[in-house]
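Breakdown of the fold
As a plain string of letters, each chain reads:
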Amino acid sequence: DIATMAAMQRVGGAHGVGILAAGRVQGGARTKASPSRGSRVRAQAHTLKPPPYPMNGLAPHISKQTMDYHWGKHHQTYVNNVNAAVEGSPDEKLSMEELMLKSYNRGNYGGLFNNSAQVWNHDFYWESMKPNGGGKPSGKLLEAIESSFGSFDEFKKQFTSAGAPGPAFGSGWIWLVMDKRGNLKIEFPSNAENPL
């Protein structure tokens, strides 16, 4: 079952929020996952996927300078690390999502998982935002938020608090997940882990 989720990453104290549909949560617990976008065989090394807007498209919330650094250097480093880790191995033909899921499902939460999951998480993050986007959702997403949290304002408060210094320790991503019963909850797994 595809769950609606939102991701927020804490980067040097700055917060960004996006909402999109993806992820898999069963009964509130993480399950072993299989690629949701289908298997894709690639013919060349992984490349950094450009954001779906100009580098200054999220200003004034995220500056071009921040995008150049976070997307162009930080995100690129994760892609480079994945390419170095799989070069010359049978895994080099796997998609980024397949690498992430394979390493996680094998209990390998080290370098390959962290780097491939960070690439996937960052791709999700960039694709979850758009110029002049954001604000209060509508339709079924708003209904689910209000049912689970009482109001959109209460959801925003809890979502922001989950990633604030204090309750959150270390690095990671904040995820809004939906279980099989349709209940939404906020999760803060460590490092690169995500609901997939």
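Everything that follows concerns the structure shown earlier in this document.
Attention here is on the structure that accompanies the text. Treat the numbers as computed from the prediction; the structure is a model and nothing was measured.

In this section: the overall build of the chain. The helix and strand tally for the chain stands at 5 helices and 4 strands. Secondary structure elements of the chain, listed N to C terminal, follow the sequence β-β-α-α-α-α-α-β-β. Residues counted as buried form 42% of the 196 residues belonging to the chain. Considering only contacts within the chain whose residues lie at least 6 apart along the sequence, 62% involve residues at least 24 apart. Accessible surface, the chain: about 10300 Å² in total, of which carbon and sulfur atoms supply 51%.

A separate point is the packing of helix H2 (residues 96–105) against helix H3 (residues 111–127). Orientation of H2 relative to H3, taken along the N-to-C sense of each, is 140°, at an axis distance of 8 Å. Considered as vectors, H2 and H3 are oriented oblique to each other. As for the relative orientation of H2 and H3, their crossing is left-handed in sense. Two secondary-structure elements touch here, H2 through Met 96, Glu 97, Leu 99, Met 100, Ser 103 and Tyr 104 and H3 through Leu 112, Phe 113, Ser 116, Ala 117, Val 119 and Trp 120. Taken together, the residues of the contact of H2 with H3 sort by class into 9 nonpolar, 2 polar and 1 charged.

Take the side chain of Asn 121 next. Tracing the chain through its elements places Asn 121 in helix H3. Under the relative-accessibility criterion, Asn 121 is labelled buried at 0%. A distance of 2.9 Å separates a polar side-chain atom of Asn 121 from the backbone oxygen of Ala 192. Among all residues touching Asn 121, those that are not within four sequence positions of it are Trp 173, Trp 175, Ala 192, Glu 193 and Asn 194.

The biggest cluster of nonpolar side chains holds 29 residues, and the ones touching the most others in it are Met 67, Met 100, Trp 126 and Met 129. Per-element accounting of this core gives the leading share, 8 residues, to H3. Contact partners of Met 100, with chain neighbours within four places excluded, come to Phe 113, Ser 116, Ala 117, Trp 120, Asn 194 and Leu 196. Ranked by size, the runner-up nonpolar core spans 12 residues in total, among them Leu 141, Phe 152, Phe 159 and Ile 174.

For helix H4 (residues 139–149), the full list of buried residues reads Leu 141, Leu 142, Ala 144, Ile 145 and Phe 149. Down the axis of H4, the sector holding all buried residues measures 160°, keeping them to one side. Seen from the open side of H4, the exposed residues pointing more than 90 degrees away from its buried face are Lys 140, Glu 143 and Ser 147. Positive phi shows up at Gly 150, right after H4, with a value of about 95°.

Right, let's get into the packing of helix H1 (residues 64–86) against H3. Interaxial distance between H1 and H3 falls to 9 Å at its minimum, and their mutual angle equals 145°. The two elements H1 and H3 meet at a crossing, and its hand is left-handed. Taking contact as the criterion, the partners of Met 67, His 70, Trp 71, His 74, His 75, Tyr 78, Val 79, Asn 81, Val 82, Ala 85 and Val 86 in H1 are, on H3, Leu 112, Asn 115, Ser 116, Gln 118, Val 119, His 122, Asp 123 and Trp 126. Tallied by class, the residues present in the contact of H1 with H3 amount to 10 nonpolar, 8 polar and 1 charged.

Taken as a whole, this structure holds 10 aromatic pairs when the rule is applied. When the centroid spacing of 5.4 Å and the interplanar angle of 45° are considered together, the rings of Tyr 104 and Phe 113 count as tilted. On the basis of relative accessibility, which here comes to 3%, the residue Phe 113 falls in the buried class. With a centroid separation of 5.4 Å and an interplanar angle of 55°, the aromatic rings of Phe 149 and Phe 155 are classed as tilted. The residues Phe 149 and Phe 155 share a single accessibility class, namely buried. A network of ring pairs unites the aromatic residues Trp 120, Phe 124, Tyr 125, Trp 126, Trp 173 and Trp 175 as a single cluster.

Glancing now at the pairing of strand S4 (residues 184–187). The pairing of strand S3 (residues 173–178) with S4 spans 4 bridges and is antiparallel. Its bridge partner being in S4, Leu 176 is matched across the sheet by Ile 186.

Each value, and the rule that gives it
- Residues numbered from 1 in each chain as written.
- Predicted model: local features only at pLDDT ≥ 70, side-chain atom pairs only at ≥ 80, totals over all residues.
- Heavy atoms only, no water.
- Helix = DSSP H or I, 4+ residues; strand = E, 2+ residues; numbered from the N terminus.
- Buried < 20%, exposed > 50% of the residue type's maximum accessible area, 1.4 Å probe, protein only.
- Contact = heavy atoms within 4.5 Å.
- Areas by Shrake-Rupley, 256 points an atom, 1.4 Å probe, with all protein chains shown as cover.
- Axes fitted to C-alpha atoms, helices over the stretch in contact; angles between N-to-C directions.
- Parallel < 35°, antiparallel > 145°, perpendicular 65-115°, else oblique.
- Left-handed = near helix turned anticlockwise from the far one by under 90°.
- Nonpolar A, V, L, I, M, F, W, Y, C, P; charged D, E, K, R; others polar.
- Polar contact = N/O pair within 3.5 Å; in protein donor to acceptor, adjacent residues only side chain to side chain.
- Core = buried A, V, L, I, M, F, W, Y, C linked by side-chain atoms within 4.5 Å.
- Arc of directions from axis to C-beta.
- Phe/Tyr/Trp six-rings, centres within 6.5 Å; stacked < 30°, edge-to-face > 60°.
- Pairing = 2+ DSSP bridges.

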